[in-house]
Amino acid sequence: YFQNKQYFTLDNQNLNKFLSDIKNYSLNLSSKIDIFELSKNYQNKVFLELDSIWNEEENKRENLYAKLKKSNFTIINFIYDLIPIKFPYLMRDNTKKNFLPYIKSIIKYSDKIIFDSNSAKSDFIDLFKTDYKKELKLKVVHLGSNFNTSKIKIKQDFTHSYSFLEKKYILFVATIEPRKRQDIVLSAFEKLQKKYPHLVLVFVGSFGWKIKSLKNKIKNHPLKEKNFFHLENIDDNALK
């Protein structure tokens, strides 16, 4: 874990408490380490990065990856999509500025890139086929969706609150933001609902960025709580 230009180890108990109450629990950052000194004791060292670090100003990847390679780390990156490059007008300004340098650092230093879809992998090849080295391994995996109902406490009971559960409904799960195009879905549903008046649309997800007009439309939609529902805070079991 990186904070204030220092690295810390997190034990499982510390991390589990944090994940169970992210808003209120503060991580115990008492175990400071130097990952480059520590790595001298190990032959096989892997640095795995999963997501959302391109806007991290303190620890630029160009510098970090260079130091990791000098310490004989294998670097593995996970890329979900290339939207900030293909459709920059959908993104925040800091992401538009920082995402491409981040990808360039991956191309320069990474040993393996994992993608969540063949589409993302194809986009990467199309955009950077003249840039990345041939020995860079590219692999597609599937994202998990494991709902363990025996361990998740049900916080809500929608059975009596929402009658749409007994009807035919379209479920859209995602943060409300430009990339997900809920505006198009909602417009299409308005036309579809005229032909199928009993059909219901359900958005599940919190409000994100650059969606002021869409947010107003969702909150004040004439079909709201009738054939159109927006649920912001539901747990995994309720979603299941």
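Here is a short report on the structure shown in this document. Since the structure is predicted, the reported quantities are computational estimates derived from the model, not experimental observations. (Residues numbered from 1 in each chain as written. Predicted model: local features only at pLDDT ≥ 70, side-chain atom pairs only at ≥ 80, totals over all residues. Heavy atoms only, no water.)

**Describing the overall build of the protein**
Counting its secondary structure elements, the protein contains 9 helices and 10 strands. In terms of principal-axis extent, the alpha carbons of the protein reach across some 65 × 45 × 30 Å. The burial tally for the protein puts 35% of its 240 residues in the buried class. Taking as baseline every contact in the protein between residues at least 6 positions apart, the subset at least 24 positions apart corresponds to 73%. As displayed, the protein offers around 15,900 Å² of accessible surface, 50% of which is attributable to carbon and sulfur atoms. Each charge class in the protein was averaged separately, 43 positive and 27 negative side chains, and the resulting centres sit 3 Å apart. (Helix = DSSP H or I, 4+ residues; strand = E, 2+ residues; numbered from the N terminus. Buried < 20%, exposed > 50% of the residue type's maximum accessible area, 1.4 Å probe, protein only. Contact = heavy atoms within 4.5 Å. Areas by Shrake-Rupley, 256 points an atom, 1.4 Å probe, with all protein chains shown as cover. Lys, Arg positive; Asp, Glu negative; His and termini not counted. Charge placed at Lys NZ, Arg CZ, Asp CG, Glu CD.)

**Description of the pairing of strand β9 (residues 200-204)**
The element β9 is extensively covered by neighbouring structure, given that 5 of its 5 residues are classed as buried. Side chains Val 200, Val 202 and Val 204 project from β9 onto one buried face, and the interleaved Leu 201 and Phe 203 project onto a second face that is buried too. Bridge count for strand β8 (residues 169-173) against β9 is 5 bridges, and the pairing is parallel. Residue Val 173 lies in a different strand from β9, and its bridge partner there is Val 204. Of the crossover connections in this fold, the one passing from β8 over helix α7 (residues 182-195) to the parallel β9 is right-handed. Of the strand pairs in this sheet, β9 and strand β10 (residues 228-231) are connected by 4 bridges, and their pairing is parallel. Pairing of Val 202 across the sheet is with Phe 229, part of β10. Once the chain exits β9 it traverses helix α8 (residues 212-219) before rejoining the sheet at β10, and the crossover so formed is right-handed. (Pairing = 2+ DSSP bridges. Right-handed = clockwise from strand over helix to strand, strands pointing away.)

**Describing the sheet that holds β10**
Taken together, the 3 strands give an open sheet; going across it, the order is β8-β9-β10, and neighbouring strands pair in parallel fashion. Every interior strand has two partners, whereas the edge strands, β8 and β10, have only one. Strand-to-strand twist of the sheet, defined as the mean angle between neighbouring strand axes without regard to direction, takes the value 15°. On the sheet, α7 packs against β8, β9 and β10 and is oriented at approximately 165° with respect to β9. (Axes fitted to C-alpha atoms, helices over the stretch in contact; angles between N-to-C directions.)

**Some words on the pattern of salt bridges**
For the structure shown, the criterion picks out 12 salt bridges. Ionic pairing is found between Glu 177 and Arg 179, a salt bridge with its closest N-O pair at 2.7 Å. Taken together, the salt bridges that share partners define one network made up of Asp 81, Glu 177, Arg 179 and Lys 180. (Salt bridge = Lys/Arg side-chain N within 4 Å of Asp/Glu carboxyl O.)

**Describing the sheet that holds strand β4 (residues 45-49)**
Sheet architecture is open: 4 strands sit in the order β4-β5-β6-β7, paired in parallel fashion. Two strands bound the open sheet, and with one partner strand each, they are β4 and β7 (137-140). Taken pair by pair, the neighbouring strands of this sheet meet at an average axis angle of 20°, ignoring direction. One ladder, built from 4 bridges, connects strand β5 (residues 73-79) with strand β6 (residues 112-115); its direction is parallel. Bridging from a neighbouring strand, Ile 79 pairs with Phe 115 of β6. Against the sheet, helix α3 (residues 61-70) contacts β4 and β5, and its axis sits at roughly 145° relative to β5. Each of β5 and β6 is contacted by helix α5 (residues 93-109), which is oriented at about 140° to β5, the strand it contacts most.

Scope: geometric values only; no functional claims are made or implied.
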